[in-house]
Amino acid sequence: PWQDRISNFISTRPWVTHDQIFTECLMITSVVDWDQKRQNRITDCLTFAGWERVQRSTGNDPVTGKRRRTWRYEPMGAAPLAAPLAAYTGDTQEF
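Worth saying up front: this structure is predicted, and the values here are computed from it rather than measured.

A. Summary view of unusual backbone geometry. One non-glycine residue, Met27, lies in the positive phi region at around 60 degrees. The residue Met27 is located in the loop between helix H2 (18-25) and helix H3 (36-48) in this model.

B. Up close: the packing of aromatic side chains. Applying the stated criterion across every chain yields a total of one aromatic pair. For the pair Phe22 and Trp34, a centre-to-centre distance of 4.8 Å together with 5 degrees between the ring planes defines the contact as stacked. One end of the pair, Phe22, is in helix H2; the other, Trp34, is in the loop between H2 and H3, and 12 residues separate them in sequence. Under the relative-accessibility criterion, Phe22 is labelled buried at 1%. Looking at Arg53, its charged tip hangs above the ring of Trp71, at a distance of 3.9 Å from the centre. One residue, Arg72, lies across the ring of Trp15, its end atom 4.4 Å from the ring centre.

C. Just the environment of Asp33, in detail. Position of Asp33 relative to the elements: it lies in the loop between H2 and H3. Here Asp33 falls in the partly exposed class, since its relative accessible area comes to 34%. Placed 11 residues apart in sequence, Asp33 and Phe22 show a C-alpha to C-alpha distance of 9.3 Å. Those residues within four positions of Asp33 in sequence are excluded, and the remaining contacts are Ile28 and Arg38.

About the thresholds
All residue numbers here refer to positions counted from 1 along the written sequence of the relevant chain. In keeping with the predicted nature of the model, local features appear solely for residues at pLDDT of at least 70, side-chain atom pairs appear and are counted solely at 80 or more, and the whole-chain, interface and lining totals rest on all residues. The side-chain figures draw on all heavy atoms in the structure; neither hydrogens nor water molecules are used. Only DSSP runs of H or I with at least four residues qualify as helices, and only runs of E with at least two residues qualify as strands; both kinds are numbered from the N terminus onward. Aromatic pairs are defined between Phe, Tyr and Trp rings, using the six-membered ring for Trp, whenever the two ring centres lie within 6.5 Å; interplanar angles under 30 degrees are classed as stacked, those over 60 as edge-to-face, and all others as tilted. Under the scheme applied here, a residue whose accessible area is under 20% of the maximum for its type counts as buried, over 50% as exposed, and between as partly exposed, the area being computed with a 1.4 Å probe on protein chains only. Two thresholds decide whether a charge sits over a ring: the Lys NZ or Arg CZ must be within 6 Å of the ring centre and within 35 degrees of the ring normal. The contact rule is simple, with two residues in contact once any of their heavy atoms fall within 4.5 Å.

Read these as spatial facts, not as claims about activity.
So, in structure tokens, the structure goes:
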């Protein structure tokens, strides 16, 4: 039952976190119930749906100035890729 619920939940989102899946999708709001077994089950559902775990920068901490990073899940291949050099030089020659 979780696979269908999670698949429907992620279908309109560019990324999700375990917290969002627990609270907004599965309505499991008590952090005590967010055990490793359930986290692994969510991960399995997301992986089956073609999503992968990635780490993203969320800007700088206003107090320390250090870069903040967070783990989340995105559709596989959604991670930004380095553009080919031709994109910078205006060269239209194919590789």
